[in-house]
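So you can see what is in the structure, the chains are spelled out below.
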Amino acid sequence: MQRRSFIKKTALSAGIIGLSSKELLAAILHQPAYKITMLRNDVGIFTEKGGTIAFYISKTGIAVIDAQYPESSIHLIDELKKLQDKPIDYLINTHHHGDHTGGNISFKGIAQHVVGHENCLSNYQRVAAEQHSEDKQLFQDITFKDSWQTKVGKESIRAHYFGAGHTSGDALIHFENANIVHVGDLMFNKVYPFIDKKAGASFTNWIKVLDKAQSTFNNDTIFVFGHGSNNQVTGGKEDLKGLQNYISQLLTQVGSAIKQGKSKDEILQMTSIENVGEWKDEFKLIKANLEAAYAELI
Ligand SMILES: [Zn+2]
Ligand SMILES: [Zn+2]
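Residues numbered from 1 in each chain as written. Chains lettered and ligands numbered in written order. Predicted model: local features only at pLDDT ≥ 70, side-chain atom pairs only at ≥ 80, totals over all residues. Heavy atoms only, no water.

**Q** Quick question: what am I supposed to make of the nonpolar core here?
**A** Within the largest apolar cluster, 37 residues are counted, with the highest numbers of intra-cluster contacts made by Phe203 and Tyr246. Going through the elements one at a time, α6 (203-216), α7 (237-259), α8 (264-268) and α9 (286-297) are the ones with two or more residues in this core. Here the element with the most residues in this core is α7; it accounts for eight residues. Every residue in contact with Phe203, bar those within four places of it in the chain, is listed here: Pro193, Ile195, Ile247, Leu250, Leu251, Asn289, Ala292, Ala293 and Glu296. Ala54, Tyr56, Ile173 and Ile222 belong to the second-largest nonpolar core, a separate cluster that totals 24 residues. (Core = buried A, V, L, I, M, F, W, Y, C linked by side-chain atoms within 4.5 Å. Buried < 20%, exposed > 50% of the residue type's maximum accessible area, 1.4 Å probe, protein only. Helix = DSSP H or I, 4+ residues; strand = E, 2+ residues; numbered from the N terminus. Contact = heavy atoms within 4.5 Å.)

What follows is the structure in structure tokens.
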């Protein structure tokens, strides 16, 4: 497996001091830097830009979970081709957001099927229609309601739906033999999460979805996260508990402010959520989080 160094910043923005010669060369050539990490049993992850991609690759089958953006998905496809030059059996989307489906189009004619939850498809179609970008998309041709299962090579892949969380259409994709589950943006590891109320998201239900994930999978399960601080995009149940704690502290804090008679404007001026451990507001989402929590509690 070819590995490339991941650089967060370009030479221009970060300065070139401190970069290794390989990173420096990549920066000068403006080559996007990406990283492939094998986890176990022929399942690995690809990180570059946007939501983490997971994949399974073997002589007898290939499956890819999420697609990032058009440019970065090409890098993944090229790397997979070096390993096995054959069609991809399934591209599976965890949900519809552009940093997970923008690269779907690169799989046109390469992936035999695109799979997602039925609400993932309806959200995806709605957003594409709003942006007049239908021709730049590759929509799911297989959708499911509660769960979906298939066999790819020696691996059994099962998609689960536990209800609305980050959107109304978040699926958890389990490589059952490897015991690795991609939970998409149901996990923002150690960062305040993005929540898409327009796409039917619910903080209250998100806590329940994370409960269900903890009871469905076991202590040996490797969880793959859509996003994480410092590229920490894999982990275990303790990380899910951390996000659950963040959401419940957020709801508690907003709930008690409402009880104290504070106005919406006053609540939106809060600058942090207390007792959330390592969770930080790296994406500047506190206001959006407070507003979503307020809308659910009022
Ligand atoms: Zn995302
Ligand atoms: Zn998302």
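**Q** Explain the pairing of strand β8 (residues 147-152) to me, please; I cannot follow it from the model alone.
**A** A regular strand carries its side chains on alternate faces of the sheet. The side-chain alternation of β8 yields one buried face, formed by Trp148, Thr150 and Val152, and one unburied face, formed by Ser147, Gln149 and Lys151. One ladder, built from six bridges, connects β8 with strand β9 (residues 155-161); its direction is antiparallel. Within β9, the position partnered with Trp148 by the bridge is Ala159. In this structure, the hairpin formed by β8 and β9 is closed by a connection of two residues, where Gly153 is found at a positive phi of approximately 55°. (Pairing = 2+ DSSP bridges.)

**Q** Sorry if this is basic, but what is going on with the pattern of salt bridges here?
**A** Applying the stated criterion to the full structure yields 10 salt bridges. Across the pair Glu79 and Lys82 runs a salt bridge whose closest N-O atoms are separated by 3.2 Å. Residue Glu79 and its partner Lys82 are both found in helix α3 (residues 70-83); the two are separated by three residues, about one turn of the helix. Overall, Glu79 belongs to the buried group, its relative accessible area being 3%. Note on Lys82: relative accessible area 54%, which makes it exposed. (Salt bridge = Lys/Arg side-chain N within 4 Å of Asp/Glu carboxyl O.)

**Q** Which parts of the structure should I look at to understand the side chain of His182?
**A** With respect to the secondary-structure elements, His182 resides in strand β11 (residues 180-182). Residue classification places His182 among the buried residues on the basis of a relative accessible area of 0%. One polar contact links the side chain of His182 to the main-chain carbonyl oxygen of Thr52, over a distance of 2.8 Å. Apart from residues no more than four positions distant in its own chain, His182 is found in contact with Thr52, Ile53, Ala54, Ile65, Asp66, Thr94, Ala171, Leu172, Ile173, Val224, Phe225 and Gly226. (Polar contact = N/O pair within 3.5 Å; in protein donor to acceptor, adjacent residues only side chain to side chain.)

**Q** Is there a simple way to think about the coordination of the zinc ion (ligand 2) in this case?
**A** In ideal tetrahedral geometry, four donors around a metal make angles of 109.5 degrees, whereas ideal octahedral geometry with six donors gives angles of 90 or 180 degrees. Surrounding the zinc ion (ligand 2) are the protein donor atoms His95 (NE2), His97 (ND1), His166 (NE2) and Asp185 (OD), at 2.1 to 2.2 Å. Metal-centred angles of 89 to 165° between the four donor atoms at the zinc ion (ligand 2) mark the site as irregular. Spacing between the donor residues of the zinc ion (ligand 2) along their common chain follows H-x1-H-x68-H-x18-D. Separating the zinc ion (ligand 2) from the zinc ion (ligand 1) is a distance of 3.5 Å, and Asp185 supplies a donor atom to each of them. Here His166 lies in the loop between β9 and β10 (171-175) and His97 lies in the loop between β5 (88-92) and α4 (98-101), a separation of 69 residues in the sequence. Summarising the burial analysis for this pair, His97 and His166 share the class buried. (Donors = N, O, S within 2.8 Å, 3.2 Å for Na, K, Ca; no water. Tetrahedral: all angles 85-135°; square planar, octahedral: opposite > 155°, others 65-115°.)

**Q** Help me understand helix α5 (residues 118-130) in this model?
**A** Quick reminder: α-helices carry 3.6 residues per turn. Residues three or four places apart thus point the same way. Here α5 spans 19 Å end to end across 13 residues, near enough to the 18 Å set by a 1.5 Å rise per residue. The set of residues buried in α5 consists of Cys120, Leu121, Asn123, Tyr124 and Ala128. Buried residues along α5 cover an arc of 165° about the axis, so they all sit on one side. The inward-facing, buried residues of α5 contact α4, β6 (111-117) and β7 (142-144). Phi for His132, located one or two positions after α5, is positive at around 50°. (Expected span 1.5 Å × (residues − 1). Arc of directions from axis to C-beta.)

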